[in-house]
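# Understanding the architecture of this molecule
The primary structure of each chain is shown beneath.
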Amino acid sequence: MNEARRILVVDDVEQNLALLGGLVRGLGYEVETARDGLEALAKLALGVDLVLLDVMMPGLDGYEVARRVRADPRTADLPIILVTVLDSREDRVKAIQAGASDFIAKPVDKTELLVRISSQLRLKEAQDALKRSQAGLEEQVASRTEELRRTCEVAADANRRTYFAHVDTIRRLVLAAELKDRDTARHILRISRYSVVLARALHMSPGETEVLGHAVTMHDVGKIGIPDAILFKRGPLDEEEKKVMESHTLIGSRILSDSPSELMQQGQVVALSHHERWDGTGYPRRLCGEQIPLAGRICAVVDVFDAMTTTRPYRAAFSLEEALETMRRGRGAHFDPRLLDLFMGRLDEVLEVRERLAEEAAVERQLWPPEDAA
């Protein structure tokens, strides 16, 4: 019976993939492997009988893969066993909501693995009875497997290229804004890394964290439409100039609108909402509290911190103490109180990121000095 069963093992860590695949083969099953969620979804076309799915993966995590498997009528009844170090009640409820059939904890015990796989396959056996009864099915599948595998690998590669093409598009959009200001690139990199620190403090999934890290880089892409005379003015802006400057949120939203890409969609959310304030006095829509999207609230915290602690054309940088005290005064007014508290609680990690990026920038300046330094 085992020879007719094909198990798809999914894990982004090569060592884990080899270990778990070896255990499954040792139990007498045929094994297919996938290095990430996109490849796993593509290889379902091979006709697998069960999926052993890692939870913590970049891009599409295990929860999202399970949701997509359940959403497809062709795979809706496929057994999914989540392989995870997460063992809290909240994690298990989340897994069940995503569509998991069962769980197994890391490190994997061979006997437990056999019991759980056998149990899930027996439950599915009744559903597969008609398929198994079709004359010559195994022979047809065997003759087409190699061709299907190649097709699946091409599909997985195409999905990866699409994802990285979206990331590349984001970088090019941001680069267009950077051309106006050489300091913008470092600012964007810093707030991207700071937002990742906050995302982890919020226990966001790896996929959500990755999307957020890219999205905040697009927060000021609308400044490409702001005249240089206003963008680089030394001294305070008058009321008309302020209105023009504030329009960069709307410009950025228009640039990023109507995209099928999740990265662009989240980037639009950040571009439009990162100047909203918790008390409703921000712009452009005067949203307040949790009406403001979470990504916009996160960007508000990290953007203001970085803006205050770096030199701008119109003022010198604040000291760290001054910047933190100003932000504390903005708790519940400018900033989401919970996010600000989390940020302050992870300040050591934020400062470590800032120091590391400053060291990288210093090395770059030595290797590639500015053209006007000669």
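Structural data are supplied above this passage.
Just so it is clear, the structure is predicted and the values come from calculations on it, not from any experiment.

The complete set of buried residues in helix α11 (residues 248–256) reads His248, Thr249, Ile251, Gly252, Ser253 and Leu256. Residue Asp258 follows α11 closely and has a positive phi angle near 60 degrees.

A word on the packing of helix α14 (residues 320–329) against helix α15 (residues 337–345). Contact geometry for α14 and α15: axes closest at 11 Å, N-to-C directions at 155 degrees. Our classification of the angle between α14 and α15 gives roughly antiparallel. The hand of the α14/α15 crossing is left-handed. Between α14, through Leu324, Met327 and Arg328, and α15, the contact on the second element is made entirely by Leu340, Phe343 and Met344. When grouped by side-chain class, the residues that make up the contact of α14 with α15 number five nonpolar, no polar and one charged.

With that out of the way, let us pick up the nonpolar core. Within the largest apolar cluster, 29 residues are counted, with the highest numbers of intra-cluster contacts made by Val301, Phe305, Met327 and Phe343. Where this core is concerned, the elements lending two or more residues are α7 (184–201), α8 (206–215), α13 (294–308), α14, α15 and α16 (347–367). Tallying contributions element by element places α13 first for this core, with eight residues. Phe305 has contacts with Tyr194, Leu320, Leu324, Met327, Phe343, Leu347, Val350 and Leu351, leaving out every residue within four places of it along the chain. The next biggest cluster of nonpolar side chains, apart from the first, holds 22 residues, and it includes Val10, Val65, Ala66 and Leu82.

Here we come to the pattern of salt bridges. Tallying each qualifying case throughout the model produces 24 salt bridges. Close ionic contact of Asp220 with Lys223 constitutes a salt bridge, the shortest N to O distance being 3.3 Å. Using a relative accessible area of 23% as the deciding quantity, one classes Lys223 as partly exposed. Salt-bridge contacts for Arg329 lead to Glu325; the nearest nitrogen and oxygen are separated by 3.8 Å. With Arg329 and Glu325 both in helix α14 and four residues apart, the pair spans about one turn of that helix. Look at the salt bridges and you will find they share partners, linking Arg6, Glu30 and Glu32 into a network.

Within the structure shown, the criterion is met by two aromatic pairs. Centre to centre, the rings of Tyr194 and Phe305 are 5.8 Å apart; their planes meet at 70 degrees, and the pair counts as edge-to-face. Highlighted residues: Tyr194 in helix α7 and Phe305 in helix α13, separated in sequence by 111 residues. On the numbers, 5.2 Å between centres and 65 degrees between planes, the contact of Phe305 with Phe343 is edge-to-face. Of this pair, Phe305 sits in helix α13 while Phe343 sits in helix α15, and the two are 38 residues apart along the sequence.

With that settled, the discussion passes to the pairing of strand β5 (residues 102–105). Note that strand β4 (residues 80–84) and β5 share four bridges and pair parallel. Across the sheet, the residue bridging to Thr84 is Ala105, located in β5. Taking the sense of rotation as the criterion, the β-α-β connection linking β4, helix α4 (residues 89–98) and β5 turns out right-handed.

Parameters and conventions
Residue positions are given per chain, counted from 1 along the sequence in the order it is written. Selection of residues for local features in this predicted model requires a pLDDT of at least 70, selection of side-chain atom pairs for listing and counting requires 80 or more, and totals for whole chains, interfaces and linings are taken over all residues. Computation of side-chain values: all heavy atoms of the structure, hydrogens and water removed. For each residue, the accessible area found with a 1.4 Å probe, counting protein chains only, is set against the maximum for its type, and the residue is called buried under 20%, exposed over 50%, and partly exposed in between. For helices the rule is a DSSP run of H or I covering at least 4 residues; for strands it is a run of E covering at least 2, with both sets numbered from the N terminus onward. Note on geometry: axes are lines fitted to C-alpha atoms, helical ones only across the stretch in contact, with angles between N-to-C directions running from 0 to 180 degrees. These descriptions rest on fixed angle ranges, namely under 35 degrees for roughly parallel, over 145 for roughly antiparallel, 65 to 115 for roughly perpendicular, and the rest for oblique. The hand of a helix crossing depends on one turn: near helix anticlockwise from the far one by less than a right angle means left-handed, and clockwise means right-handed. Contacts between residues were defined by any pair of non-hydrogen atoms, one from each residue, lying within 4.5 Å. Note on residue classes: Ala, Val, Leu, Ile, Met, Phe, Trp, Tyr, Cys and Pro are nonpolar, Asp, Glu, Lys and Arg are charged, and everything else, Gly too, is polar. Residue types Ala, Val, Leu, Ile, Met, Phe, Trp, Tyr and Cys, when buried and joined through side-chain atoms within 4.5 Å, form a set referred to as a nonpolar core. We define a salt bridge as a contact between a side-chain nitrogen of Lys or Arg and a carboxyl oxygen of Asp or Glu at a distance within 4 Å. Any Phe, Tyr or Trp ring, taking Trp's six-membered ring, that has another such ring centre within 6.5 Å forms a pair; planes under 30 degrees apart are called stacked, those over 60 apart edge-to-face, and the others tilted. By definition, two strands form a pair when at least two bridges between them are found by DSSP. Here a crossover is taken to be right-handed if, once the strands point away from the viewer, the path from the first strand over the helix to the second is traced clockwise.

Just geometry here; none of it tells us what the structure is for.
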